[in-house]
Amino acid sequence: MAVVHRTTMTPGKLELLAAWLPTRSWYRDPGAGIAPQPARAGGFRLDDPQGEVGIEFMAVTDGAGDRPVTYLVPLTYRGAPLDGAEQALIGTSEHGVLGRRWIYDGAHDPVLVERLYALVRGGAVPQAQSESDTPDPTVTGWSAETGLPGPASILGVSDGPDTTDVLLRTPAGEPTLSVRRVLLPAPEPDDSEAPLLGHVTAEWTRPDGTKARGRYAVVRA
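These numbers were taken from a predicted model, which means no experiment stands behind them.

Rules used in this analysis
- Residues numbered from 1 in each chain as written.
- Predicted model: local features only at pLDDT ≥ 70, side-chain atom pairs only at ≥ 80, totals over all residues.
- Heavy atoms only, no water.
- Pairing = 2+ DSSP bridges.
- Helix = DSSP H or I, 4+ residues; strand = E, 2+ residues; numbered from the N terminus.
- Axes fitted to C-alpha atoms, helices over the stretch in contact; angles between N-to-C directions.
- Buried < 20%, exposed > 50% of the residue type's maximum accessible area, 1.4 Å probe, protein only.
- Polar contact = N/O pair within 3.5 Å; in protein donor to acceptor, adjacent residues only side chain to side chain.
- Salt bridge = Lys/Arg side-chain N within 4 Å of Asp/Glu carboxyl O.
- Contact = heavy atoms within 4.5 Å.
- Arc of directions from axis to C-beta.

Reading across from one edge, β7-β11-β12-β10-β9-β8 is the order of the six strands in this open sheet, with antiparallel pairing throughout. The outermost strands of the open sheet, each flanked by one partner alone, are β7 (140-143) and β8 (153-159). The average angle at which neighbouring strand axes cross in this sheet is 20 degrees, direction not considered. Two strands pair when backbone bridges link them, and strand β9 (residues 163-169) and strand β10 (residues 176-180) are joined in this way by five bridges, in the antiparallel orientation. Within the sheet, the bridge partner assigned to valine 166 lies in β10 and is leucine 177.

Next up, the structure:
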């Protein structure tokens, strides 16, 4: 069960992201030394079956430039450092209930990646971002074939201009899980030649208050 605590985090997640986003290859720099101004735009959570790692998919809109850009940042929250993931650490924060939390870019975290792949396969239930024990029916996982085998582990992670691509090891082979970093409303262009095995689709809120919907992640052979 995804438990959402009504408490504070110091520094806050948006404060950490404001410093972290410009370090990413997919960040759309507005130039002129303008600092990011990330604001919450949507997202959802997934449960860790072991109950140890918090998993959140956060959509944030940066309104610093002339054209707002909405980014997807998958986050994991841990009670201790994740071995070998120093390059994925976004920062640490003091949680009002749980104490110090290590916050990671979840595309590098094996727990989040396995759960995201499970969502594609129909083996995980998306949870509301801000409510405990509340499924979010607006988030959908789809796979091209029934019984897409799992679980999945990480073989490698690489950042590109629009996505973070995670090479997986699964019982059926080594597909690529692409986490969309710059969110685009559906339909979006698709110039990949690799067969589509599955995807996760969800919503976010535009700066004008209207809803957009698009792919948060795709799996390709």
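Now that the structure has been shown, the text picks up again.
A few words now on unusual backbone geometry. Between glycine 150 and proline 151 the backbone carries a cis peptide bond, its omega angle lying at 0 degrees. You will see that aspartate 133, though not glycine, has its phi angle at about 50 degrees, which is positive. Residue position: aspartate 133 is located in the loop between α2 (110-121) and β7.

The subject of this paragraph is the pairing of strand β11 (residues 196-205). Extensive coverage of β11 is indicated by the burial of seven of its ten residues. Pairing of β7 with β11, which is carried by four bridges, proceeds in the antiparallel orientation. In the strand pairing of β11, serine 143 is matched with glycine 198. Bridge count between β11 and strand β12 (residues 211-220): nine bridges; the pairing is antiparallel.

With respect to the helices and strands, arginine 181 occurs in the loop between β10 and β11. Polar side-chain contacts of arginine 181 include one of 2.8 Å to the side chain of aspartate 105. Within polar-contact distance, the side chain of arginine 181 engages the side chain of threonine 164 at 2.8 Å.

Bringing the environment of glutamate 145 into the picture now. Relative to the elements of secondary structure, glutamate 145 occurs in the loop between β7 and β8. Considering only alpha carbons, one finds glutamate 145 and arginine 24, 121 residues apart in sequence, at a separation of 34 Å.

With the rule as written, the count across this model stands at ten salt bridges. For aspartate 162, the salt bridge is made with arginine 28, and the minimal N-O distance between the two is 2.4 Å. Linking aspartate 162 in the loop between β8 and β9 with arginine 28 in the loop between α1 (13-20) and β2 (38-46), this pair joins segments that are 134 residues apart in sequence. It is possible to trace a salt-bridge network through shared partners that takes in Lys13, Arg45 and Glu56.

With respect to the helices and strands, the residue aspartate 136 is situated in the loop between α2 and β7. Aspartate 136 sits in the buried class, given a relative accessible area of 14%. Linking aspartate 136 and arginine 67, residues 69 residues apart in sequence, is a C-alpha distance of 29 Å. Leaving out residues up to four positions away in the same chain, aspartate 136 has contacts with Gly43, Phe44, Pro126, Gln127 and Ala128. Among the polar contacts made by the side chain of aspartate 136, one reaches the side chain of threonine 138 at a distance of 2.6 Å.

This next bit is on α1. Of all the residues in α1, the buried ones are Lys13, Leu16, Leu17 and Trp20. One face of α1 carries all of its buried residues, which in axial projection span an arc of 100 degrees. Exposed residues lying more than 90 degrees from the buried face of α1 are Glu15 and Ala19.

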